[in-house]
Amino acid sequence: MGIQIDFNPDLALRNIQEFKEGRRKEEECIPESLIEGKEYVFLKKGQRNYWLAGELPLMETKGNEELSRPLASIRILEATHLMIENETFTKGKYKVISVFKKDDDKIHFESYARRM
C-alpha cells in the first residue's frame with residue numbers, strides 16, 4: 001500500500017451546472033463569472049500537489065481527464081489536504097490573473113508555462 005498523490009499542472013473544475021443540479025459542491029465547479037483579480041475557493045477529490053510559484057491554466061473537466069482548453073490563467077494561493085467523510089480532498093484558493101475569450105484560438109500555455 002502506498003500514498004497516492006497527483007501532481008497537477010492545471011486546475012480542472014466542473015461546470016457550474018453540476019452544482020446547480022446537486023451533483024457537486026460549489027467549490028468543485030467553475031464560477032458562473034470569472035473576474036480578473038478576484039479570489040475563489042476550490043475543492044478537488046484526492047491528494048493533489050499544485051505549482052504555487054507561477055500561473056497555471058484553469059480548465060473545465062467532464063471527468064476521465066477530458067479537459068477543455070484553458071479558460072483563464074490563475075495563481076494558486078494555497079492548497080491544503082484534508083479528510084471529508086473518510087475520503088482525501090485538496091482544498092484551496094486561487095486568484096484569476098486573466099480570463100480568455102471562448103472563441104480565442106491563441107495558445108496561452110505550453111505545458112505549465114504561460115505564453116504572452
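One structure accompanies this document, and this report is about it.

Criteria and cut-off values
- Residues numbered from 1 in each chain as written.
- Predicted model: local features only at pLDDT ≥ 70, side-chain atom pairs only at ≥ 80, totals over all residues.
- Heavy atoms only, no water.
- Helix = DSSP H or I, 4+ residues; strand = E, 2+ residues; numbered from the N terminus.
- Polar contact = N/O pair within 3.5 Å; in protein donor to acceptor, adjacent residues only side chain to side chain.
- Contact = heavy atoms within 4.5 Å.
- Pairing = 2+ DSSP bridges.
- Axes fitted to C-alpha atoms, helices over the stretch in contact; angles between N-to-C directions.
- Buried < 20%, exposed > 50% of the residue type's maximum accessible area, 1.4 Å probe, protein only.
- Lys, Arg positive; Asp, Glu negative; His and termini not counted.
- Salt bridge = Lys/Arg side-chain N within 4 Å of Asp/Glu carboxyl O.
- Core = buried A, V, L, I, M, F, W, Y, C linked by side-chain atoms within 4.5 Å.
- Phe/Tyr/Trp six-rings, centres within 6.5 Å; stacked < 30°, edge-to-face > 60°.

Position of Thr90 among the secondary structure elements: in strand S7 (residues 87–99). Within the structure, the side chain of Thr90 is placed 2.8 Å from the backbone oxygen of Gly46, a separation counted as a polar contact. Residue contacts for Thr90: discarding those within four places in its chain leaves Phe42, Leu43, Lys44, Gly46, Gln47, Arg48, Tyr50, Ala79, Thr80 and His81.

Here we take up the pairing of strand S6 (residues 72–84). Relative to S6, strand S5 (residues 56–60) is paired through three bridges, and the arrangement is antiparallel. Its bridge partner being in S6, Leu56 is matched across the sheet by Ile74. Between S6 and the antiparallel strand that follows it, S7, lie two residues; Glu85 among them carries a positive phi value of about 50°.

The mixed open sheet is built from five strands, whose spatial order is S2-S5-S6-S7-S3. Where the open sheet ends on each side, the last strands, each with one partner, are strand S2 (11–13) and strand S3 (39–45). Put simply, the sheet's adjacent strands are angled 35° from each other on average, direction ignored.

The next thing to look at is the side chain of Asp10. Its place among the elements puts Asp10 in the loop between strand S1 (6–8) and S2. The side chain of Asp10 is buried and forms no salt bridge, while Lys44, the nearest opposite charge, is found at 7.0 Å. The contact partners of Asp10, leaving out residues within four places of it in the chain, are Tyr50, Leu56, Pro57, Met59 and Leu67.

Tallied over the full model, the rule gives five salt bridges. The closest approach of N and O atoms between Glu32 and Lys20, which form a salt bridge, is 3.2 Å. Taken as a pair, Glu32 in the loop between helix H1 (17–20) and S3 and Lys20 in helix H1 lie far apart in primary sequence, twelve residues in all. Using a relative accessible area of 62% as the deciding quantity, one classes Glu32 as exposed. A salt bridge links Arg23 to Glu21; the nearest nitrogen and oxygen atoms lie 2.6 Å apart. Several salt bridges share partner residues, and in doing so they unite Glu18, Glu21 and Arg23 into one network.

A word on the nonpolar core. Within the largest apolar cluster, 14 residues are counted, with the highest numbers of intra-cluster contacts made by Leu11, Leu34, Leu58 and Tyr94. Elements supplying a minimum of two residues to this core: S2, S3, S5, S6 and S7. At three residues, the largest contribution of residues to this core is made by S6. If near-sequence neighbours (up to four positions away) are discounted, Leu58 is found in contact with Leu11, Leu13, Leu34, Arg69, Pro70, Leu71, Ala72, Ile74 and Tyr94.

According to the stated counting rule, one finds three aromatic pairs in the structure shown. Within the aromatic cluster, the residues linked to one another by ring pairs are Tyr40, Phe42, Tyr50 and Tyr94.

All quantities given are derived from atomic positions and should not be read as evidence of function.
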